[in-house]
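# A closer look at the structure
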Amino acid sequence: MSKEITSRATDYSQWYIDLVRKAGLADYSAVKGCMVIKPYGFAIWENMRDTLDRMFKDTGHVNAYFPLFIPKSFLSREAAHVEGFAKECAVVTHYRLKNDPNGAGVVVDPEAKLEEELIVRPTSETIIWNTYKDWIQSYRDLPLLINQWANVVRWEMRTRLFLRTAEFLWQEGHTAHATAEEAIEETRRMLDVYATFAEEWMALPVVKGVKSANERFAGAEDTYCIEALMQDGKALQAGTSHFLGQNFAKAFDVQFSTKDNTLDYVWATSWGVSTRLMGALVMAHSDDDGLIIPPKLAPHQVVIVPIPKPLPELQEVASRIADELRAVGVRVKIDNDDQSRPGFKFAEYEKLGIPVRLGLGARDLANGTIEVARRDTKEKSQVPVEGLAAYITALLDDIQRSMFERAKAYRDDHITRVDTWEEFVETLDTKGGFISAHWDGTPETEDRIKDETKATIRCIPLDNPAEAGHCIRTGKPSTQRVLFARAY
RNA sequence: CGGGGUGUGGCUCAGCCCGGUAGAGCACCUCGUUCGGGACGAGGGGGUCGGAGGUUCAAAUCCUCUCACCCCGACCA
């Protein structure tokens, strides 16, 4: 049990915050609602970013960059869009400060008021579609497949490290297509990319689905999402992909000449994942001793700890082993610190979630073995140094796989089929997780359920079978089950 | 925006009720002994007590105002 991390059973929320801070992922900053992402946290994010970037490029996308500031008038071009974001926008009104005549530091210079106020982007659809107007004239200019890595600002009233911060890092893909079919195909393709990333890299099982009207992105025709389940039974939206129809094309007058020389509005998609994924990673896998990072995303996959400390003969063997591991592509750290004692280091690396720890002491030297400790299960074993590289690569694969399996078993065990309102409420309060239940399809009923239980429809799963039934709340007829949960 | 809480060395906090020379543990520095699951001893450095004003011979402590942050709720990725 860690000395400095609150246990999950004591206070799940505090456990999460302790973990994020004590493991050096992020910390609070001087600015309310904004966090400092620390080097270790950023290293994990970089691994996520680099992997996703490769996946985007493999599916034909290129990167570009658009301005941080958006003219205020742009936002109101799309009615639903402004409605959705207006309440959380940071606004730039002036461009200069001056010395306070009363000597109280600097003040905003009232002379320097902007002609048109600028908002700090909460998302970039508007500035991008304003630009696309100039880039698209013909069907030959389509599809336009662009991604941007950026920071955005949403002035949230309440924030939580990584899960909801006033400023966050993300990527936003914005694509333009000649037909609705092609745009929908793109929307689904990127949803698949996200699901693959979540499951194969983050070891995080997700449900792919479509949002109900209440949860739909402001300005979208359809919002697809991947939904994950955290260890406390609450759901977390881990990524979204929107089919925007012709809404933004019409708002920004983006038309193109078709093959048969008619004019049509462009079809659009947008899709994004954010540093929120860091929060998902922590909450899905970690334990009371600290982080558990899946091998594929771990900045260091293996740490070698010379015991009792890095004596010359141990150091020599350690660096030889490290070289062998690096030769097969394993990210290795050798602990050359000679101040801390082994026990302290063990606890420390467990807190950081490094998947595999190798302990190397005089005993091992004599036996030609090394102590292999895996973070996820805490199992320790003596393994021959001979052939270690192959053993470790197999072990890392096994850890990656078993982390996913464990999370999936938990998730599957927490999808409960429910047919009565009493069961529904009971399950929410005792077991949590996803609840698969019938719903009459109306926003009113969804709102009512949310008011009464705080549960929302997380999604309508894509592979949902048609099934006749009755709404859990109103008893009206329903054609399929949807997934409810309390969510972050 | 409503409710609750907290501001005192880098961190966690005590001291405040009842005003009188700013403390502890951890961390840090030096030396020594240690080292296969969070070591120990000795010595040492470091704080205008969130800010402003007031009361007083005297304020971390009492009064007024103010700022910031955290937690819970409404809003959201």
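Residues numbered from 1 in each chain as written. Chains lettered and ligands numbered in written order. Predicted model: local features only at pLDDT ≥ 70, side-chain atom pairs only at ≥ 80, totals over all residues. Heavy atoms only, no water.

### Here we look at unusual backbone geometry
Here Leu142 and Pro143 are connected by a cis peptide whose omega angle stands at -5°. Residue position: Pro143 is located in the loop between helix H5 (125–135) and strand S9 (144–153). The amide bond that connects Ile307 to the next residue, Pro308, takes the cis arrangement and shows omega of 0°. Inspection of the secondary structure assignment puts Pro308 in the loop between strand S17 (302–306) and helix H9 (312–327). Here Phe162, not a glycine, exhibits a phi torsion of approximately 65°, which is positive. When you line up the elements, Phe162 lands in the loop between S9 and strand S10 (167–177). Even without a glycine there, the phi angle at Asn261 is positive, about 60°. If you trace the backbone, Asn261 turns up in the loop between strand S14 (255–257) and strand S15 (263–265). (Helix = DSSP H or I, 4+ residues; strand = E, 2+ residues; numbered from the N terminus.)

### Remarks on the protein's contact with RNA strand B
Taken together, 37 residues form the shell around RNA strand B, and within it Arg158, Arg164, Thr165, Arg276 and Pro308 come nearest. Sugar plus phosphate, as a fraction of atoms of RNA strand B within 4 Å of the protein: 42%. A distance of 2.5 Å separates a base nitrogen of RNA strand B from a polar side-chain atom of Asp364. If you list the elements that add at least two residues to the surface near RNA strand B, you get helix H1 (12–22), helix H10 (342–352), strand S19 (356–360) and helix H11 (362–367). Considering every element that reaches the surface near RNA strand B, the biggest residue donor is H10, with seven residues. Its residues assigned to classes, the surface near RNA strand B shows twelve nonpolar, eight polar and 17 charged. (Near = heavy atom within 4 Å. Polar contact = N/O pair within 3.5 Å; in protein donor to acceptor, adjacent residues only side chain to side chain. Nonpolar A, V, L, I, M, F, W, Y, C, P; charged D, E, K, R; others polar.)

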